[in-house]
Structures are given as C-alpha cells and as structure tokens.
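# An overview of the molecular structure
Here is what each chain is made of, one letter per residue.
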Amino acid sequence: MKAFGELTKGIIKENPIFVMALGLCPTLAVSTSVNNAIGMGAAATFVLIGSNIVISLIKNFIPSKVRIPAYIVIIASFVTVVDMVMEAYAASLHKSLGLFIPLIVVNCIILGRAEAFASKNSVGSSILDGIGMGIGFSLALIVIATIREIIGTGKFYGMQILPCSYQPAICAILPPGAFFTIGILMALFNKWVAKKS
Amino acid sequence: MNDVVKMGLVLLIITLIASCVLAVIYQKTAPIIAKNKQLEEEKARKSVLPEADHFQEITEQKIIGQDTVHTILYYKGLDKHNRLVGYTFRCEKYGYSSNVQTMVGIDTLFNIIAIKVISQQETPGLGANCATSEFAEKFQHKTPENIMVDKDGGDIESITGATITTRAVTNSIKEKFIDIKERLIEK
C-alpha cells in the first residue's frame, strides 16, 4: 500500500507542475503541441528514474555539504549519455526529441526529487517516486499542450480537429498563452483539490 | 581540514567516474552519429533530386593563411549512366529564432525541382510551418530571378505570421542559387 502511494502521489497530491510548481521553464517552452509534450514527458521520466536510482544508491557516500554539485554532475552525465546513445541508435526519435534533452538538465523536478526524496529513501521507493513524478509531469504537460494546440492551431496531435473556418488564436501557442493556460489550470486544479479534501 | 579533504575527494571521484563514462560512450557513439548525419544528408539530397542515382561533391579550395580550406559548394547529381541530371546545394540563413537550413535541388536548366527545409527551430505553429510540404511546393519550377517573398514584390506567398522565416528561406536560396548559377555558366 505504501509503494502504491509512492507511485501515485506524483500524479495528483504532489503533482510537480500544478501543486509544487516545479519545472515551469521547460513546461512553458515545450507545451506548444501534444507531440512535443509526450516527447519531453518521456525523456524527463527516463532521466528522473535513472538519477533517482543512482543518487539513492550512493546517498551514504556523499557529504551533505557538497551534495548539490554531486547531484548536478550525476544528472548532467545521465542526460548527456541519454543524448548521445539516442542520437547514435535511435536517430529518428532523437530528431524529434533532440531539442528537449539538454533542457532536462535544467529541469528542477529532477534535482528537486534527488534532494527531497532519493537522497533519503531506498532504491525501490526512489524508482516508484521517479515513475510517479514522471507520469504526473507528463500528464500535466499533455493537458496544457492539448489546450494550447487546439486553441492555437485548431489541431490535436497534428491532426485538424476544428473546422478549417476556425481562425486559430496564435497567441495560445506563444509564450503568453503558456502563462494564461498554466495559471488558469493551476487555479482550477487547486479549487478541485480543496473541494475534495 | 579533514572535512574539506573528504568533500573534495568525493567530488573528485564522482566527476572522475562521470567523465570516464562519458568519454567511453562518446568514443563509441561519435562515429555512428557522424555516419547517421551523412546518411541523412544523402537522403535529403535524393529527396530534392529524385532522378539522381549518386552525387559528386564539388569543392572549392581557398588558401587562408597557410592552410588550404575545402568548402563544399554544391553536389552534382548523376543518374545510373553517369549523365548529369541536376545539382543540389545547401543554404542557410538566420530566421526568427534559429538558423534555417534548406536543401535545394535544381535541374540543368536552372529551375528548382524541389526544396526541403532540413533543420529549423522556428516558432511552433508559425515559422515552423516552413518545414511542411505545402510551403516547399511554392518553390517548384522557380528560377533565381523570381524567388522573392510577396511582401518584397516577389511571388512566394509568405507563411501567415512568419514573414521573417519565409524571407530567410527565400533569400538564402536566392543568394546561393545565383552564386552557383554564375559559377556554372562561367564553366
């Protein structure tokens, strides 16, 4: 039951975007289309799981005063490895995700989970935490991107879904649209969570 | 004092391991990545000059100081019987938020056969539409003289909300195209 809790807390109760407001920079940048959102979500989840495993394995060797530089080195190496391996062996996937992979280094969800969770918990629950947080981040990205893509281009996942006579509100896929969408969604999400409890 | 040494040592070990891992993986993947890029360029050349079977690199030698620098000017497209079917070249210009690279295929009479935007990071939904086939089709059968954005008096219809990107693609093609045409006519 505890394991299930570790897995699901990232999705609603501690959702990285809507509740903790972590990693907003990449969220603003890549939530312009559902395709991008899925790519960024998958890549970030993978790095999150990987860095959580490594950090929870070596947590006892790292003196607490230098833990942040140590975490950053581990995360950055992880991202670089993923970047290079993907470019060599999955070139077409890398072409569509390539832009987001270096962005993961600056995604503070990963550093945040390393500091708040992986450095204090066992490997097993760190993996579950990574998966849950990754799913929560991906779902939030997909929701934001769906709204922005439909309003901004009349498309969903690259397919036209609104009639061609619809004049797209281009503002929605530009940076202001990201702030509006995230702000409104965050307010609705918090209202819903408050009502439930 | 002891503490400082210990912290330094731990960081040293972590960074040492990290750099070793990265070095090994880089060495393993770098040649594959280079090969992938080459294959991709070859594929892009084929897509803009479908009649060609293989390509021949035409380079220019420039002497800068003491070094001789080879720059690739364009590629000759040859068919199975080694007959010339056209040329391809790559051009680039800074658009709205990125360098827009385009591959262009032309026939022996200097008409554009096809173009393909091979790399860009323009605004999604606006400038990024320059990579669509609808946009590429606008360049078909054009000669260097009549490539110009409609807002500058030409007949390339610009992408809605992305005149700057359209202009970057159009002008980069025009400049390189004129340059290559002149070189070929001189011969």
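Residues numbered from 1 in each chain as written. Chains lettered and ligands numbered in written order. Predicted model: local features only at pLDDT ≥ 70, side-chain atom pairs only at ≥ 80, totals over all residues. Heavy atoms only, no water.

In this complex, chain B contributes 23 residues to the contact, which on the side of chain A involves 25 residues. Contact between chain B and chain A buries roughly 2000 Å² in total, counting both sides, with carbon and sulfur atoms accounting for 79%. For chain B, the biggest contributors to the area lost against chain A are Met7, Ile14 and Leu22 of chain B; these three give 22% of the whole. Along the contact surface separating chain B from chain A lie 2 salt bridges. A salt bridge links Glu87 of chain A to Lys37 of chain B, with the shortest nitrogen-to-oxygen separation between them at 3.7 Å. Put simply, chain B and chain A have 2 residue pairs in polar contact (both at pLDDT 80 or more) between them. Tallying contributions element by element places helix H1 (residues 2–48) of chain B first for the side of chain B that touches chain A, with 17 residues. Classifying every residue of the side of chain B that touches chain A by side-chain character gives 14 nonpolar, 6 polar and 3 charged. (Contact = heavy atoms within 4.5 Å. Buried area = accessible area lost by both parts, 1.4 Å probe. Salt bridge = Lys/Arg side-chain N within 4 Å of Asp/Glu carboxyl O. Polar contact = N/O pair within 3.5 Å; in protein donor to acceptor, adjacent residues only side chain to side chain. Helix = DSSP H or I, 4+ residues; strand = E, 2+ residues; numbered from the N terminus. Nonpolar A, V, L, I, M, F, W, Y, C, P; charged D, E, K, R; others polar.)

So, on to the environment of Lys181 of chain B. All names here are of chain B. Structurally, the position occupied by Lys181 is in helix H3 (residues 163–186). Taking the C-alpha atoms as reference points, Lys181 and Leu39, separated by 142 residues in sequence, lie 27 Å from one another. Contact partners of Lys181, with chain neighbours within four places excluded, come to Phe110, Pro144 and Glu145.

Let us look at the packing of aromatic side chains. Residues and elements named next belong to chain B. Here the structure, examined in full by the defined rule, presents 5 aromatic pairs over all chains. When the ring of Tyr74 is compared with that of Tyr87, the centres are 5.6 Å apart and the planes differ by 85°; the resulting orientation is edge-to-face. Of the two residues, Tyr74 sits in strand S2 (residues 67–78) while Tyr87 sits in strand S3 (residues 84–94), which places them 13 residues apart along the sequence. Its relative accessible area of 8% is what places Tyr87 among the buried residues. Aromatic side chains Phe89 and Phe177 sit 5.9 Å apart centroid to centroid with 45° between the ring planes, which places their arrangement in the tilted category. One end of the pair, Phe89, is in strand S3; the other, Phe177, is in helix H3, with 88 residues separating them in the sequence. (Phe/Tyr/Trp six-rings, centres within 6.5 Å; stacked < 30°, edge-to-face > 60°. Buried < 20%, exposed > 50% of the residue type's maximum accessible area, 1.4 Å probe, protein only.)

What follows concerns the pattern of salt bridges. Under the criterion given, the structure shown has 14 salt bridges over all chains. Its salt-bridge partner being Asp129 of chain A, residue Lys9 of chain A comes within 2.6 Å of it at the nearest N-O pair. Here the residue Lys9 of chain A occupies a position in the loop between helix H1 (2–8) and helix H2 (24–30), and Asp129 of chain A occupies one in helix H8 (residues 123–153), the gap between them amounting to 120 residues. Pair check on accessibility: Lys9 of chain A and Asp129 of chain A agree, each one buried. A salt bridge links Arg183 of chain B to Asp179 of chain B; the nearest nitrogen and oxygen atoms lie 3.3 Å apart. With Arg183 of chain B and Asp179 of chain B both in helix H3, this residue pair falls 4 residues apart, about one helical turn.

With that settled, the discussion passes to the packing of helix H3 (residues 34–58) of chain A against helix H4 (residues 67–89) of chain A. All names here are of chain A. Interaxial distance between H3 and H4 falls to 10 Å at its minimum, and their mutual angle equals 140°. Between H3 and H4, the crossing angle belongs to the class labelled oblique. In the packing of H3 onto H4, the handedness of the crossing is right-handed. Listed contacts from H4 to Phe46, Val47, Gly50, Ser51, Val54, Ile55 and Ile58 of H3 are Tyr71, Ile74, Ile75, Phe78, Val79 and Val82. (Axes fitted to C-alpha atoms, helices over the stretch in contact; angles between N-to-C directions. Parallel < 35°, antiparallel > 145°, perpendicular 65-115°, else oblique. Left-handed = near helix turned anticlockwise from the far one by under 90°.)

Counting 30 residues, the largest nonpolar core has Phe18, Met40, Ile104 and Phe137 of chain A as the members making the most contacts within it. Looking at this core, the elements that each hand over two or more residues are H3, H4, helix H6 (101–105), helix H7 (108–118), H8 and helix H9 (175–196) of chain A. Beyond its immediate sequence surroundings of up to four residues, Phe18 of chain A is in contact with Ala140, Ile144, Leu185, Met186, Phe189 and Asn190 of chain A. Judged by nonpolar contacts, the second largest core, of 27 residues, contains Val100, Val104, Val117 and Ile147 of chain B. (Core = buried A, V, L, I, M, F, W, Y, C linked by side-chain atoms within 4.5 Å.)

For the second largest pocket, the calculated volume is near 240 Å³. As for the second largest pocket, its lining consists of Val54, Ile58, Ile74, Ser77, Phe78 and Val81 of chain A together with Ile14, Ile17, Ala18 and Val21 of chain B. Contributions of two or more residues to the lining of the second largest pocket are made by H3 and H4 of chain A together with H1 of chain B. The residue makeup of the lining of the second largest pocket, split by class, is 9 nonpolar, 1 polar and no charged. (1 Å grid on protein atoms, 1.4 Å probe; cavity = no way out; pocket = protein on both sides within 12 Å on 5 of 7 lines; lining within 4 Å. Points joined across faces, edges and corners; volume = space filled by probe spheres on them.)

Right, let's get into a nonpolar patch on the surface. Residue and element names in this part refer to chain B. A surface patch of nonpolar side chains, about 520 Å² in accessible area, is lined by Val5, Leu9, Leu12, Ile13, Ile17 and Val21. Residue placement: Leu12 occurs in helix H1. For Leu12, a relative accessible area of 47% corresponds to the partly exposed category. (Patch = residues over 30% accessible without salt bridge, like charges linked within 9 Å, V, L, I, M, F, W, Y side chains within 5 Å. Areas by Shrake-Rupley, 256 points an atom, 1.4 Å probe, with all protein chains shown as cover.)

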